[in-house]
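# Structural description and commentary
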Amino acid sequence: MAEPLFRTLEMVIPPLVRANGPHLTFQGLENIPERGGAVLTLNHTSYLDWYPASVAALRRRRRLRFMIKAEMTEVPVISYVIKRIKLIPVDRSAGAGAYDVAVQRLAAGELVGLHPEATISRSFELREFKTGAARMAHAAGVPIIPVIVWGIHRVWTKDHPKHLWRNHVPVLVKIGRPLAASEDIEATTAELRETMSAMLEQAQLEYPHPAGAYWVPRRLGGGAPTLAEALAMREAELAERDRKRLEQAEGGRLRRTLAGLSRR
């Protein structure tokens, strides 16, 4: 448990958060094993889902190594932190390397956190799950711990302003019983999603939801997009991203062509 930077963050960040909000409530902390590897799977509604889950692990005297988008390593300060606290960067176009690292960490007895949905859910409902969590857990011979975080999306989520200071937002964290990953990866993934869906509905029942609020799912009378609307927004977002990449590539080719002509 050396890791000086990780220890410093553990000492500094939780008191700051307690002073400014959000306020965390945990249910099922005992389901995080005190030792040995496990995959912690979280629903994804916020840029900050990792924090309540990391505090939950800390309450069990454990450290949670999250899988994180490789693009984040392009920011020097964040890259430094990622390396020092041993997070696992994932290149979505070539994820095999990150998968192998995660399996090695799990087999060595560490906790690895990830989002089976892969990206933030604008509807705040569960999207379809990727199979990575089940595959990792089965390969490493460790359990899957389902985790639902509810309320943190009020602090910082996609398409809305962030409220990082003095927000005093209540956040409910439900930690489910361990699930065993079978050889049938699709069946394990389906069971995991069904379990987390039930946990999410229970968390929502225990949480007050003002009518029309942007952070409240449409199903509960809120202003969030429906699952179908959110999917359409995501597809439009990806199409625009592809358009910009193509535009940049074509611009690069044009500049190279002009540079070649100028040297003739």
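Residues numbered from 1 in each chain as written. Predicted model: local features only at pLDDT ≥ 70, side-chain atom pairs only at ≥ 80, totals over all residues. Heavy atoms only, no water.

Within an unreviewed UniProt entry, the label attached to the chain reads 1-acyl-sn-glycerol-3-phosphate acyltransferase, and the organism entered is Mycolicibacter terrae.

Applying the stated rule across the entire model yields three aromatic pairs. Ring geometry for Tyr47 against Trp156: centres 5.0 Å apart, planes inclined by 45 degrees, an arrangement best described as tilted. Of the two residues, Tyr47 sits in the loop between strand E2 (38–42) and helix H2 (50–59) while Trp156 sits in the loop between strand E6 (144–150) and strand E7 (170–175), which places them 109 residues apart along the sequence. Among the residues examined, Tyr47 registers a relative accessible area of 37% and is labelled partly exposed. Across from the ring centre of Trp156, 5.2 Å away, lies the NZ or CZ of Lys162, which sits over that ring. For the cation-ring pair, Arg193 lies above Phe129, with the distance from its terminal atom to the ring centre recorded as 5.9 Å. (Phe/Tyr/Trp six-rings, centres within 6.5 Å; stacked < 30°, edge-to-face > 60°. Helix = DSSP H or I, 4+ residues; strand = E, 2+ residues; numbered from the N terminus. Buried < 20%, exposed > 50% of the residue type's maximum accessible area, 1.4 Å probe, protein only. Lys NZ or Arg CZ within 6 Å of the ring centre and 35° of its normal.)

A few words on the pattern of salt bridges. Applying the stated criterion to the full structure yields 15 salt bridges. Among the salt bridges present, the one from Arg219 reaches Glu125, with a minimum N-O distance of 2.9 Å. Of the two residues, Arg219 sits in the loop between helix H6 (185–205) and helix H7 (227–262) while Glu125 sits in the loop between strand E5 (111–114) and helix H5 (132–140), which places them 94 residues apart along the sequence. Residue Glu125 is classed as buried on the basis of its relative accessible area of 15%. (Salt bridge = Lys/Arg side-chain N within 4 Å of Asp/Glu carboxyl O.)

Here we come to the packing of helix H4 (residues 96–107) against H5. Their axes nearest at 9 Å, the elements H4 and H5 cross at an angle of 45 degrees. Considering their axes alone, H4 and H5 lie oblique with respect to each other. Judged by the sense of rotation from one axis to the other, the crossing of H4 with H5 is right-handed. Here H4 contributes Tyr99, Ala102, Val103, Leu106 and Ala107 to the contact with H5, which in turn contributes Arg135, Met136, Ala139 and Ala140. Taken together, the residues of the contact of H4 with H5 sort by class into eight nonpolar, no polar and one charged. (Axes fitted to C-alpha atoms, helices over the stretch in contact; angles between N-to-C directions. Parallel < 35°, antiparallel > 145°, perpendicular 65-115°, else oblique. Left-handed = near helix turned anticlockwise from the far one by under 90°. Contact = heavy atoms within 4.5 Å. Nonpolar A, V, L, I, M, F, W, Y, C, P; charged D, E, K, R; others polar.)

Let us look at a nonpolar patch on the surface. A contiguous nonpolar patch, built from Met11, Val12 and Leu16 and spanning about 290 Å² of accessible area, is present on the exposed surface. The residue Val12 is located in helix H1 (residues 4–20) in this model. (Patch = residues over 30% accessible without salt bridge, like charges linked within 9 Å, V, L, I, M, F, W, Y side chains within 5 Å. Areas by Shrake-Rupley, 256 points an atom, 1.4 Å probe, with all protein chains shown as cover.)

Let us now look at the packing of H5 against H6. For the pair H5 and H6, interaxial distance at closest approach is 8 Å and the crossing angle is 120 degrees. Considering how the two elements wind past one another, H5 and H6 form a crossing that is right-handed. Residues Ala133, Ala134, Arg135 and His138 of H5 form the contact with H6, whose participating residues are Ile185, Thr188, Thr189 and Leu192. Classifying every residue of the contact of H5 with H6 by side-chain character gives four nonpolar, three polar and one charged.

With that out of the way, let us pick up the nonpolar core. Among the nonpolar cores identified, the biggest contains 63 residues, and Val39, Leu40, Met67, Met136, Val147 and Ile175 are the most heavily contacted of them. Ranked by the residues each element gives to this core, the list is headed by E6, at six residues. Setting aside residues up to four positions removed in sequence, Met67 forms contacts with Ile88, Val90, Ala98, Ala102, Val112, Gly113, Leu114 and Met136. (Core = buried A, V, L, I, M, F, W, Y, C linked by side-chain atoms within 4.5 Å.)

A word on unusual backbone geometry. The amide bond that connects Gly21 to the next residue, Pro22, takes the cis arrangement and shows omega of -5 degrees. Within the secondary structure, Pro22 sits in the loop between H1 and strand E1 (23–27). Backbone geometry places Lys86, a non-glycine residue, at a positive phi of 60 degrees. Mapped onto the secondary structure, Lys86 falls in the loop between helix H3 (76–84) and strand E4 (88–90). Even without being a glycine, His168 presents a positive backbone phi close to 50 degrees. In this fold, His168 is placed in the loop between E6 and E7.

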